[in-house]
Amino acid sequence: MTASASEETRVAAITTGLDRLKRSLRAGARTAADYRFREAEWSPGLVAQTETSPAITATMADFGYLPHECHGRPDVPDTLAMTGPVALLTPAGAQALRQIGHALKESAVHNDYVVSHRIRNVETLSPFVHAMVRDRAFLHRVSALVGVPLIPHPLRDAGVQINYYDPPAGGTQAAPVAKWHRDGMNYVFTMTLSDHGEHDGGDYIYYQGRPEEFDARREEITSAGSRHPEVRTAPFRHVGDTMFTRGSRVYHAVTPVTRGHRITLAVSLFCPLLGEQDENRFWHSAPDDGLLRTVNNWRLLRQAVRRPGAYCRREAIPVLPTPARR
Ligand SMILES: [Fe+2]
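Residues numbered from 1 in each chain as written. Predicted model: local features only at pLDDT ≥ 70, side-chain atom pairs only at ≥ 80, totals over all residues. Heavy atoms only, no water.

A.B. asks: I'm lost on the overall build of the protein in this one. Help?
C.D. replies: Helix and strand content of the protein: 12 helices and 17 strands. Classification of the 326 residues of the protein by burial places 56% in the buried group. Considering only residue pairs separated by 6 or more positions, the protein has 85% of its internal contacts joining residues 24 or more positions apart. When the accessible surface of the protein is summed, it comes to about 14,200 Å², and 53% of that surface belongs to carbon and sulfur atoms. (Helix = DSSP H or I, 4+ residues; strand = E, 2+ residues; numbered from the N terminus. Buried < 20%, exposed > 50% of the residue type's maximum accessible area, 1.4 Å probe, protein only. Contact = heavy atoms within 4.5 Å. Areas by Shrake-Rupley, 256 points an atom, 1.4 Å probe, with all protein chains shown as cover.)

Set out below in structure tokens:
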């Protein structure tokens, strides 16, 4: 392995402890008040209907988890760790999201906590995305893939995000990455809004093993990156390709882009039947959104966990029966 190859793929791991408190005191969520892009109109017909046989389907057992460590309850098994690529939207739907992603790029902020360059709370900015994550056909599609009913996540700042990866502009600036991390969110769908041919690098990589194994071998794994025997690369190819990841249980990262540009949409969802098992932690969100905003977000999350039916009625969110997983 050459030094340059190592530099191209090496991604640091997320910080913890006092650094999170310092970031929480500095951070404040910013909104794109002047977003005036003429979006395509959302339609349920933009939800993909084709059956897929994804290249990757891995259960929690495949990651070394024991049955009692998995989410779910006896009548709601919930053991999928990873699957994809799949299409959630038709090509026209994915292209509409790609245009929205480009239009919102000006509003994205730099932050070296997890993802270098991104915009949070997209659901509040984009009428298309707001309608999409509340659409019965869309929720049916994502729920069927995972096997539990899913709704848009009550933590709206973190619920839908768009991440931007570009080569560094100057000699000293580092290329945007997603550091090695686990999400607060249990159910995360990552959709590429770029064809892979549009960029070099920018690979979504993940560690196929237990988090404590990753933590114990952090230096070895982050140094080797995609060359590590337990590190896999998600096979994103075309605009719209989507991976499901149990983000809170799977360490993952995105390598630096060395040519071209990459945009991804991350949609995190919530299971109203298993709300108590949501793994978000206050100190995971606060460094991105600031302390005050995180306190308010947390109040809304607790409401949704305690009274999911009332939450869905108030938010006009359709709740689907527990689906049979595809
Ligand atoms: Fe993530």
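A.B. asks: How should I be thinking about the packing of helix 11 (residues 291-306) against helix 12 (residues 308-315) in this particular structure?
C.D. replies: When two helices pack together, their arrangement is given by the angle between the helix axes and by the axis-to-axis distance. Contact pair helix 11 / helix 12: the axes reach a minimum separation of 5 Å and the direction vectors enclose 115 degrees. On helix 12, the residues that touch Leu300, Gln303, Ala304, Val305 and Arg306 of helix 11 are Pro308, Tyr311 and Arg314. Looking at the contact of helix 11 with helix 12 residue by residue, the classes come out as five nonpolar, one polar and two charged. (Axes fitted to C-alpha atoms, helices over the stretch in contact; angles between N-to-C directions. Nonpolar A, V, L, I, M, F, W, Y, C, P; charged D, E, K, R; others polar.)

A.B. asks: Before we go on, may I ask you to explain the environment of Pro77 in this structure?
C.D. replies: In this structure, Pro77 sits in strand 3 (residues 76-78). Each C-alpha atom, one on Pro77 and one on Val146, is 9.9 Å from the other, the two residues being 69 residues apart in sequence. Ignoring any residue separated from it by four or fewer positions in sequence, one finds Pro77 in contact with Gly147 and Val148.

A.B. asks: Hey, could you run me through helix 11 in this one?
C.D. replies: Residues spaced three or four apart along an α-helix point in a common direction, a consequence of the helix completing one turn every 3.6 residues. Taking 1.5 Å per residue, 16 residues should reach 22 Å; helix 11 reaches 23 Å between its end C-alpha atoms and fits that length. Summarising the contacts, the buried residues of helix 11 are in contact with helix 7 (156-159), strand 17 (262-270), helix 10 (282-289) and helix 12. (Expected span 1.5 Å × (residues − 1).)

A.B. asks: Can you walk me through the pattern of salt bridges in this structure?
C.D. replies: Taken as a whole, this structure holds 16 salt bridges when the rule is applied. Of the charged contacts in the structure, one is a salt bridge between Lys105 and Asp166, with a shortest N-O distance of 2.9 Å. Taken together, the residues Lys105 in the loop between helix 3 (91-104) and strand 5 (109-110) and Asp166 in the loop between strand 8 (160-165) and strand 9 (178-181) connect sequence positions 61 residues apart. Relative accessible area serves as the criterion here: at 25%, Lys105 is assigned to the partly exposed category. Here Glu279 ties to Arg249 by a salt bridge, and the two come within 2.6 Å at their closest N and O atoms. Taken together, the positions of Glu279 in the loop between strand 17 and helix 10 and Arg249 in the loop between strand 14 (241-245) and strand 15 (252-254) put the pair 30 residues apart, joining distant regions of the chain. In this structure Glu279 comes out as buried when scored by relative accessible area, which is 19%. (Salt bridge = Lys/Arg side-chain N within 4 Å of Asp/Glu carboxyl O.)

A.B. asks: So what exactly am I meant to see when it comes to the sheet that holds strand 15 here?
C.D. replies: The strands making up a sheet are joined through hydrogen bonds of the backbone, oriented either antiparallel or parallel. Across the sheet, which stays open at both edges, the four strands sit in the order 9-15-12-13 with antiparallel pairing between neighbours. Only two strands of the sheet have a single partner each, and these edge strands are strand 9 and strand 13 (231-233). The average undirected angle you get between the axes of adjacent strands in this sheet is 20 degrees. (Pairing = 2+ DSSP bridges.)

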